[in-house]
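# Residue-level structural notes
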Amino acid sequence: MLNGTISHWRQQLTGGAISPAELVEEIARAMEERNPGINAYLSWDKEAALAAAARADLSKPLGGIPIAVKDNIAMLGQPTRCASRMLENFVSPYDATAVTRLTAAGAIPFGRTNMDEFAMGSYGENSAFGETQNPAAPGHVPGGSSSGSAAAVAGGMAIAALGSDTGGSIRQPASHCGVVGIKPTYGRVSRYGLVAFASSLDQIGPITQNVEDAATILNAICGHDAKDSTSSTEPTEDFTAGLGKDIKGLRIGLPQEYLSSGNSPAVAAALEQSIRKLTDLGAEIVEISLPHAEAVVAAYYIIACAEASSNLSRFDGIRYGYRAAGTNGLDDLYSKTRETGFGPEVKRRIILGTYVLSSGFYDAYYAKAQKVRSLVAGDFAAAFEKVDLILGPVAPTSAPKLHDASMTPLQTYLADIYTIPANLAGLPGISIPTPVAEGAHPVGIQLLAPHFAETRLLQAAAALEKAFQ
Ligand code: GLN
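Just so it is clear, the model here is predicted, and its values are computed rather than measured. (Residues numbered from 1 in each chain as written. Predicted model: local features only at pLDDT ≥ 70, side-chain atom pairs only at ≥ 80, totals over all residues. Heavy atoms only, no water.)

## Quick look at the overall build of the chain
Counting its regular elements, the chain contains 15 helices and 11 strands. Against the 2.2 N^0.38 benchmark of 23 Å for 469 residues, the chain shows a C-alpha radius of gyration of 21 Å, consistent with a compact globule. Projected onto the principal axes, the alpha-carbon positions of the chain cover approximately 70 × 60 × 45 Å. Across the 469 residues that make up the chain, the buried fraction comes to 59%. For the chain, contacts bridging at least 24 residues in sequence account for 76% of all contacts bridging at least 6. In the structure as shown, the chain presents an accessible area of about 17400 Å², 53% of it carried by carbon and sulfur atoms. Separation between the mean location of the 36 positive side-chain charges and that of the 46 negative ones in the chain comes to 3 Å. (Helix = DSSP H or I, 4+ residues; strand = E, 2+ residues; numbered from the N terminus. Rg over C-alpha atoms; globule rule 2.2 N^0.38 Å. Buried < 20%, exposed > 50% of the residue type's maximum accessible area, 1.4 Å probe, protein only. Contact = heavy atoms within 4.5 Å. Areas by Shrake-Rupley, 256 points an atom, 1.4 Å probe, with all protein chains shown as cover. Lys, Arg positive; Asp, Glu negative; His and termini not counted. Charge placed at Lys NZ, Arg CZ, Asp CG, Glu CD.)

As structure tokens, this is what we get:
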């Protein structure tokens, strides 16, 4: 029943076929029925959503549309726990700007989606409140860290959702669940109210059933915000403007480094299929090179962990949420709170981040990683002199099995190789599903664009999406 897009439900609402309150009830029923098996949501507040539905203004672009929100994006009066014990009892006293803007556009923020703790992870298994199942690939991970947002949309429990992407956490779960996910240009969407993981990489974006819905949500949430000093003053545009236009003559770069033998046959096939379709549509595929592609994972994990170690120092048992009981003095309170409040992956990152920032190792690791980051940005700047967009995989494989004990943290990190570059360089990127055989697991394909070229990115993504139908 919920497998209708935003535009479908908007028609139903404005045509009077359903009321906003009935739509909220519909979603709440789907949550009650399906969430116990999927664990896409950590909480939802039907009464608050019904109160918002009673005020819904259907003349607005998202009027009456409930939208699920990742648990690390602050929502007034709602738990904002980042799927962590550390924030187990935290209720946000304010809305993130992205949530304020969704509301201003008429949407009804509804439901807090599960995630890897503090957005650290690729599989949704690092949640303190249990992993999320992949509705499109039972027994396999939904991807992460926006695991719940992607699973809620793929599992018919949300029309659309917000996620956050620091190194791929919107695009990769979208790919593994067979839905659309876009990470906007760094600075396009305010980070005010997004609990910081790695501030120079984090970006909020939509996870939706199709490209048009992603553009509609971007129209609502993008734009300068005085509350976020890294928010861009670049004017926003109508991101739906390119939808339906052809892409004849568009030059699409194919990085040679991305045709790796490490890609699974399904991913290689998705890439080939995309190249064929884009060529059929009149685009020109151009071979390009991203010479520093191999170094991105190392640079990302140094920078992301360094920033995380600083950002997460605020969780000390004094200021927010959880505090360990029975402690003896301030130091003991800090350390016991962190010991029992954070899960193993978060601790690993804090320790790694503190290490790379320590005086003896700063130059060898952190400073070097920053240099690599500049080189990666330079690779893209050079590539975008020759091409309009870049095509690549989202991940080297489709969704891995849940609880695959043979997977080391390092192997997990390496699977981020295709999503991380956009974060290091601040570029927009989108994942769209490719057609797969009946019963096969979803595989997404990624397009990247120059800074602030979301309209072009969405235009090409929509053309490819249509060609895949
Ligand atoms: N998988 C990456 C990590 O674990 C990306 C996470 C994210 O984008 N939030 O850091």
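## Brief notes about the site of the ligand
The immediate surroundings of the ligand are formed by 15 residues, with Thr166, Gly167, Ser169, Tyr300 and Arg349 found nearest. A distance of 2.7 Å is found between an oxygen atom of the ligand and a backbone nitrogen or oxygen belonging to Thr166. One of the side-chain nitrogen or oxygen atoms of Tyr300 is found 2.7 Å away from an oxygen atom of the ligand. If the ligand stood free it would expose 290 Å²; the protein chains cover 99% of that surface. With respect to the pocket detection grid, the ligand is positioned in the largest cavity. Looking at side-chain class alone, the shell around the ligand contains five nonpolar, seven polar and three charged residues. (Near = heavy atom within 4 Å. Polar contact = N/O pair within 3.5 Å; in protein donor to acceptor, adjacent residues only side chain to side chain. 1 Å grid on protein atoms, 1.4 Å probe; cavity = no way out; pocket = protein on both sides within 12 Å on 5 of 7 lines; lining within 4 Å. Sits in = over half its atoms within 2 Å of the grid points. Nonpolar A, V, L, I, M, F, W, Y, C, P; charged D, E, K, R; others polar.)

## Brief notes about empty space enclosed by the protein
All chains considered together, the criterion is met by three cavities of 30 Å³ or more. Looking at the largest cavity, its volume works out to about 100 Å³. Together, 16 residues line the largest cavity, and Gly121, Ser122, Ser169, Tyr300 and Asp416 are the ones closest to its centre. Here the residues of the lining of the largest cavity sort into five nonpolar, nine polar and two charged. Roughly 40 Å³ of volume is contained in the second largest cavity. Looking at the second largest cavity, the residues that line it are Tyr258, Leu290, His292, Ala293, Val296, Val376, Asp379, Phe380 and Pro421. In terms of residues, the lining of the second largest cavity owes the most to one element, helix α12 (residues 362-386), which gives three residues. The class makeup of the residues in the lining of the second largest cavity is seven nonpolar, one polar and one charged. (Points joined across faces, edges and corners; volume = space filled by probe spheres on them.)

## Observations concerning the packing of helix α11 (residues 344-357) against α12
Interaxial distance between α11 and α12 falls to 7 Å at its minimum, and their mutual angle equals 105°. Classified by the angle between their axes, α11 and α12 sit roughly perpendicular to one another. Across from Tyr355, Val356 and Leu357 in α11, the residues of α12 making contact are Tyr362, Tyr365 and Tyr366. Within the contact of α11 with α12, the residues separate by chemical class into six nonpolar, no polar and no charged. (Axes fitted to C-alpha atoms, helices over the stretch in contact; angles between N-to-C directions. Parallel < 35°, antiparallel > 145°, perpendicular 65-115°, else oblique.)

## A look at the nonpolar core
In this structure, Leu102, Ile221, Leu391, Ile430, Ile432 and Leu458 are the most contacted members of the largest nonpolar core, which totals 89 residues. Among the elements that make up this core, the one with the highest residue count is helix α15 (residues 454-468) (eight residues). Those residues in contact with Leu458 that sit more than four places away from it in its chain are Ile182, Val211, Ala214, Ala215, Leu218, Phe239, Leu243 and Ile430. Counting residues in each nonpolar core, the second largest holds 52 residues, with Met120, Ile303, Phe342 and Val346 among its members. (Core = buried A, V, L, I, M, F, W, Y, C linked by side-chain atoms within 4.5 Å.)

## Here we look at the side chain of Gln78
If you trace the backbone, Gln78 turns up in the loop between β2 (66-70) and α4 (97-104). Looking at Gln78, the relative accessible area reads 9%, which means it is buried. Ignoring sequence-local partners within four residues, the contact set of Gln78 consists of Asp45, Ala48, Phe90, Val91, Ser92 and Arg112.

## Quick notes on α15
Because each turn of an α-helix spans 3.6 residues, side chains separated by three or four positions in sequence point in the same direction. Helix length check: α15, at 15 residues, gives a terminal C-alpha distance of 21 Å against a target of 21 Å (1.5 Å per residue), a fit within 8%. Within the span of α15, buried status applies to Glu454, Thr455, Leu457, Leu458, Gln459, Ala460, Ala461, Ala462, Ala463, Leu464, Glu465 and Phe468. (Expected span 1.5 Å × (residues − 1).)

## Here we look at helix α5 (residues 147-154)
Within α5, seven of the eight residues are buried, which leaves the element mostly enclosed by the surrounding structure. Within the span of α5, buried status applies to Ser147, Gly148, Ser149, Ala150, Ala151, Ala152 and Val153. Just beyond α5, the residue with positive phi is Gly156, at close to 70°.

## Section: the layout of surface pockets
The volume enclosed by the largest pocket comes to roughly 460 Å³. Lining the largest pocket are 25 residues, with Glu125, Asn126, Glu345, Arg348 and Thr412 sitting closest to its centre. Breaking the lining of the largest pocket down by element, the ones donating at least two residues are α11 and α13 (409-414). Broken down by element, the residue count for the lining of the largest pocket peaks at five residues, all from α11. Tallied by class, residues from the lining of the largest pocket come to 10 nonpolar, seven polar and eight charged. Looking at the second largest pocket, its volume works out to about 390 Å³.

## Some details on the packing of α4 against helix α7 (residues 211-221)
The relative placement of two packed helices comes down to the angle between their axes together with the axis-to-axis distance. At their nearest, the axes of α4 and α7 sit 8 Å apart, and the two run at 105° to each other. With respect to α7, the axis of α4 lies roughly perpendicular. Along its contact with α4, which presents Ala98, Arg101 and Leu102, the element α7 presents Ile217, Ala220 and Ile221. Across the contact of α4 with α7, the residue classes break down as five nonpolar, no polar and one charged.

## Quick notes on the pattern of salt bridges
On inspection of all chains with the given rule, the structure shows 14 salt bridges. Here Arg112 and Asp71 are joined by a salt bridge, their closest N and O atoms 3.9 Å apart. Here Asp71 lies in the loop between β2 and α4 and Arg112 lies in strand β3 (residues 108-113), a separation of 41 residues in the sequence. (Salt bridge = Lys/Arg side-chain N within 4 Å of Asp/Glu carboxyl O.)

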